[in-house]
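Geometric and topological summary
Below, each chain spelled out in residue letters.
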Amino acid sequence: MLGNATTIRRTLEEKARLHPNRVYMIHEGAAVTLGDLDRRVNRFANGLAKLGFKPGDRVALMLSNHPDHFYAFLACAKLGVVQVPATTNLRGASLDFLFEHAAPHGVIADAHFAEHLVPALAGTKCKDVIWRGAVADVPGKRTHAFGAVMESGAETPPPGHPKPEDVLSLSYTSGTTGQPKGVMVTDAMFRASAYGAVRLGDIKAGDILYLWEPLFHIGGSEVI
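Heads up: these notes are all about the structure in this document. In this text, all values refer to a predicted model and were calculated from it rather than measured experimentally. (Residues numbered from 1 in each chain as written. Predicted model: local features only at pLDDT ≥ 70, side-chain atom pairs only at ≥ 80, totals over all residues. Heavy atoms only, no water.)

**Regarding the side chain of Thr186**
You can see Thr186 is positioned in strand 9 (residues 182-186). Classification of Thr186 by relative accessible area gives buried; the value is 14%. Polar side-chain contacts of Thr186 include one of 3.1 Å to the backbone nitrogen of Met189. The contact partners of Thr186, leaving out residues within four places of it in the chain, are Pro164, Glu165, Asp166, Val167 and Leu168. (Helix = DSSP H or I, 4+ residues; strand = E, 2+ residues; numbered from the N terminus. Buried < 20%, exposed > 50% of the residue type's maximum accessible area, 1.4 Å probe, protein only. Polar contact = N/O pair within 3.5 Å; in protein donor to acceptor, adjacent residues only side chain to side chain. Contact = heavy atoms within 4.5 Å.)

This is the structure:
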């Protein structure tokens with residue numbers, strides 16, 4: 001059962017403390033343990049905090065499936081920052097609408113999306129752009145390398161005490177029947193989604209899951 005006081009942050013920190021050597025994921029043959037995960041998430045979260053991000057701020061994520069996406073997702077969850085998942089094939093007017101409607105304070109994105117992101121960010125209130133890969137210049141914005149932000153942060157727990165009812169994501173619908181709508185997903189909703197997937201999939205301790213869903217979709221993020 002999902003406890004009333006349980007949060008993503010609390011769950012991760014407790015599991016990392018109790019089972020630091022348990023493998024959390026394997027990417028390209030390299031294993032990441034729960035202890036590794038928590039330390040990296042803390043470092044990235046503290047790096048974001050040093051840049052000025054605080055609970056309630058919105059950060060758009062336009063990232064492919066990669067461990068760094070896990071770290072960014074969980075770092076935002078620990079800080080109480082509201083992430084705005086951006087479908088990685090958004091272009092032109094669709095991307096412009098997302099930034100106009102969500103008005104994120106920052107962006108975390110793969111560098112190979114720069115061609116489409118840079119013009120979409122023009123005139124927005126976004127202050128910081130964190131690139132995973134080559135850092136592209138964005139007029140009027142502060143730009144940072146993903147790795148540098150992580151390196152700047154300490155491994156100790158970051159500030160922030162998110163609650164189960166706090167909104168952790170503004171997830172946009174596809175817009176097939178009208179303009180996309182930003183669905184407010186709380187910490188408790190993310191955990192309920194994951195719990196439902198475990199029950200329906202009859203997933204047990206020790207099972208290995210192959211991640212095929214994009215992490216910007218609820219079907220992928222619930223695996224995190």
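Alright, that's what it looks like, and here's the rest.
**Examining the packing of aromatic side chains**
Two measures describe an aromatic ring pair: the distance that separates the ring centres and the angle between the ring planes. What the rule picks out here adds up to four aromatic pairs. Judged by centre distance (6.5 Å) and plane angle (90°), the ring pair of Phe97 and Tyr172 falls under edge-to-face. Highlighted residues: Phe97 in helix 4 (residues 92-102) and Tyr172 in strand 8 (residues 167-172), separated in sequence by 75 residues. Accessibility classification places Phe97 together with Tyr172 in one group, the buried group. (Phe/Tyr/Trp six-rings, centres within 6.5 Å; stacked < 30°, edge-to-face > 60°.)

**A word on the environment of Ala122**
As for its position among the elements, Ala122 is in the loop between helix 5 (114-121) and strand 6 (128-132). Measuring from C-alpha to C-alpha, the distance between Ala122 and Pro214 comes to 27 Å, with 92 residues separating the pair along the chain.

**Regarding the pattern of salt bridges**
Scanning all chains against the criterion turns up 13 salt bridges. We note a salt bridge from Glu13 to Arg9, for which the minimum N-O separation is 3.0 Å. Remark: Arg9 and Glu13 occur in helix 1 (residues 8-18); sequence separation between them is four residues, near one turn of the helix. Residue classification places Glu13 among the partly exposed positions, given a relative accessible area of 24%. Three or more residues joined by partner-sharing salt bridges are found here, namely Arg9, Glu13, Asp38 and Lys78. (Salt bridge = Lys/Arg side-chain N within 4 Å of Asp/Glu carboxyl O.)

**Points about the nonpolar core**
Ranked by internal contacts, the top residues of the largest apolar core, which has 35 residues, are Leu37, Phe44, Leu48, Tyr71, Leu74 and Ile108. Elements represented by at least two residues in this core include exactly helix 1, helix 2 (34-50), strand 3 (58-62), helix 3 (67-79) and helix 6 (146-152). The biggest single contributor to this core is helix 3, with nine residues. For Phe44, the residues in contact, after removing those within four places along its chain, are Tyr71, Ala72, Ala75, Ile108, Phe146, Val149 and Met150. Membership of the second largest hydrophobic core comes to 24 residues, among which are Phe97, Phe99, Ala102 and Leu117. (Core = buried A, V, L, I, M, F, W, Y, C linked by side-chain atoms within 4.5 Å.)

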